[in-house]
Amino acid sequence: MELDLGREQLVVVGGSFGSLRWFDQELPPGSVVLVEEPDVIRRRGLERLAAELPMIARLVPAEYQTGFDADALLAREPGLAAARLVLPGLEYAVGAAARLADRLGLPGAGVAAADVFSDKHRMRLLADATGLANPAYELVDDPARAAEFARAHGGRCVLKPTRRSGSLGVQLVTDPAEIAARWAASATPPEPAEATERGLPTGVLVEELLVGSEHSVELLVAEGGTIFANVTDKRIAGGRYPVETGHTVPSALPETQRRALRDAAVRLAEAAGFRSGMLHSEWILVDGVPTLVECAARMPGDMITALVSIAYEVDFVEAYLRVLRGERPTPPARPTGAAAVEFLVAPPGRVTAVEGRRDALRVPGVLDVQVEAKVGDHVPELLSSAHRSGHLLAWGATPAEAESAARKAAGAIRITAG
């Protein structure tokens, strides 16, 4: 990354182990101040991790996932006032990062947009007000009302928490009689490793179950104007939990449908008053109409930034950081190739064998093979993206070639569990 960052110029609010290690490969030593929840620092041993990552100059404990106070943080840590840019390192930091950037007079999502995109119910209300397609939905507080909704919509529905990420707590329901038993998985989902022990308050949405192909749109927005837009094709696990199992960049859809998705994402960003940063929205094409699933005011996960960088021959994260520094980069408008990621889904149980990595690496077009499951590990049921067992990254001249290579390589990996 060529972006010139001096010491302690970048404040990252929150972060997963994976994202922090990835950033460490890209950012210069001593350039990052990491703000993290005190109990998360203690529980996850982040002081030790910070000492291992040269990019981290300081680790600052602060409560930000609920009740963030930017003035109190700056009074205690006046050195943060010298920051050149602020970004959220995970979903639960979006609101705090926007407030800190706003307080420092730096580019960011804007507090109003950050709050809308951190709450799936408020997102639905905004889409309605903007004239964008939504599924039928209702904010509910008991399973009986959710079951009534499901019966009114063909006996099927989606249950989801209003404030979680990575598909955590999202369930597809095909029998209203099951909702009472499954209610807690959405109303009080397990807290992710990055969450504070104080808990993250959430409501529950019940939504019409839509049928169609799934896609995401990645926007780069500078001072309210979209300077880059990409459409990604998504692959979703079958069954009760709609966890993402693969992505391809760019989308193989016809240009008319890609344009419709881009236009819908831009309308959503403008309606929210989103100012500067990256916006990752997810959509289902229902009879050709982009219908909103959800939207995040942060970098996407699941290797999508890497896929965009490969397909467009651009350092996508560098362009994002330049936007947050007040610049207006000019990323390529069109891709020069394609890239795909396929995630490994191991059977639940104790891992007894992991084979095939060399075979996967021999597949033409494969760029990277990461198998996280190891013999002796316990693999849980696939309830969220955190339960996947690795990934395969591949390049191709076309989306079909890239996806085929990634899926073929994934098929070569054999994880046995019992």
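Residues numbered from 1 in each chain as written. Predicted model: local features only at pLDDT ≥ 70, side-chain atom pairs only at ≥ 80, totals over all residues. Heavy atoms only, no water.

S.K.: How would you explain the overall build of the protein chain if you had to name every residue and give the values?
M.R.: The secondary structure content of the protein chain amounts to 14 helices and 19 strands. The buried share of the protein chain, taken over its 418 residues, is 56%. A fraction of 69% describes how many contacts in the protein chain between residues 6 or more apart in sequence connect residues 24 or more apart. Of the accessible surface of the protein chain, which amounts to about 16900 Å², a share of 50% is contributed by carbon and sulfur atoms. (Helix = DSSP H or I, 4+ residues; strand = E, 2+ residues; numbered from the N terminus. Buried < 20%, exposed > 50% of the residue type's maximum accessible area, 1.4 Å probe, protein only. Contact = heavy atoms within 4.5 Å. Areas by Shrake-Rupley, 256 points an atom, 1.4 Å probe, with all protein chains shown as cover.)

S.K.: An account of the nonpolar core is needed here, citing residue identities and associated values.
M.R.: Ranked by internal contacts, the top residues of the largest apolar core, which has 41 residues, are Met55, Leu87, Leu220 and Tyr320. Setting aside residues no more than four positions away along its own chain, Tyr320 makes contact with Leu87, Pro88, Leu220, Gly277, Met278 and Met299. By size, the runner-up hydrophobic cluster in this structure holds 29 residues, among which are Ala114, Leu253, Leu279 and Cys295. (Core = buried A, V, L, I, M, F, W, Y, C linked by side-chain atoms within 4.5 Å.)

S.K.: Account for the pairing of strand β9 (residues 213–222), naming residues and giving values.
M.R.: Within β9, eight of the ten residues are buried, which leaves the element mostly enclosed by the surrounding structure. Pairing geometry for β9 and strand β12 (residues 277–286), over nine bridges, is antiparallel. By the bridge assignment, His215 is partnered in β12 with Trp283. Sheet topology places β9 next to strand β10 (residues 225–236); eight bridges connect them, and they run antiparallel. Bridge pairing links Glu218 to Asn230 in β10. Counted along the chain from β9 to the antiparallel partner β10, the turn is two residues long, and its residue Glu223 has a positive phi close to 50 degrees. (Pairing = 2+ DSSP bridges.)

S.K.: Quick rundown of the sheet that holds strand β4 (residues 85–88)? Include the residues and the values.
M.R.: Taken together, four strands build an open sheet; the order of strands is β3-β2-β1-β4 and the sheet is parallel. A strand with exactly one partner marks an edge of an open sheet, and here the two such strands are β3 (56–61) and β4. Strand after strand, the sheet turns through a mean of 20 degrees between neighbouring axes, direction not considered. Sheet topology note: the strand β1 (residues 10–13)/strand β2 (residues 32–36) ladder contains four bridges and is parallel. (Axes fitted to C-alpha atoms, helices over the stretch in contact; angles between N-to-C directions.)

S.K.: So what's going on with the side chain of Glu218? Residues and values would help.
M.R.: Structurally, the position occupied by Glu218 is in strand β9. For the buried Glu218, which has no salt bridge, the nearest side chain bearing the opposite charge is Lys234, at an N-O separation of 6.7 Å. In terms of polar contacts, Glu218 uses its side chain to reach the side chain of Ser216, at 2.6 Å. Not counting chain neighbours up to four residues away, the residues in contact with Glu218 comprise Phe228, Ala229, Asn230, Thr232, Leu279, His280, Pro300, Ile304 and Phe316. (Lys, Arg positive; Asp, Glu negative; His and termini not counted. Salt bridge = Lys/Arg side-chain N within 4 Å of Asp/Glu carboxyl O. Polar contact = N/O pair within 3.5 Å; in protein donor to acceptor, adjacent residues only side chain to side chain.)

S.K.: Could you give an account of the pattern of salt bridges, with specific residues and numbers?
M.R.: Within this structure, the stated rule accounts for 34 salt bridges. Arg298 is the salt-bridge partner of Glu91, the closest N and O atoms lying 2.6 Å from each other. Of this pair, Glu91 sits in the loop between β4 and α5 (94–104) while Arg298 sits in the loop between β13 (289–296) and α11 (304–312), and the two are 207 residues apart along the sequence. An identical accessibility class is assigned to Glu91 and Arg298; each is buried. Through salt bridges with shared partners, a single network forms among Asp39, Arg42, Arg43 and Glu197.

S.K.: Quick one: what's the story with unusual backbone geometry, residue by residue and with numbers?
M.R.: Peptide bonds are, in most cases, trans, and in most cases residues other than glycine have a negative phi. That bond from Val249 to Pro250 is cis: its omega, -5 degrees, falls within 30 degrees of zero. Its place among the elements puts Pro250 in the loop between β11 (244–249) and α10 (255–272). Positive phi, close to 50 degrees, is recorded for Glu313, a residue that is not glycine. Topologically, Glu313 is positioned in the loop between α11 and α12 (316–324).

S.K.: Give me the sheet that holds strand β19 (residues 414–417): which residues, what numbers.
M.R.: The strand order across the open sheet built from three strands is β17-β15-β19, with neighbouring strands paired in antiparallel fashion. Bordering the open sheet on either side are β17 (378–379) and β19, each of which pairs with just one other strand. As judged from the two bridges shared by strand β15 (residues 349–355) and β17, these two strands associate in the antiparallel manner. Bridged to Gly349 within β17 is Val379.

S.K.: Tell me about α5, and please be specific about residues and values.
M.R.: For α5, a buried count of eight out of eleven residues is recorded, marking the element as mostly surrounded by other parts of the structure. Summarising the contacts, the buried residues of α5 are in contact with β1, α4 (70–76), β4 and α6 (111–116). Positive backbone phi, approximately 70 degrees, marks Gly105, located one or two places after α5.

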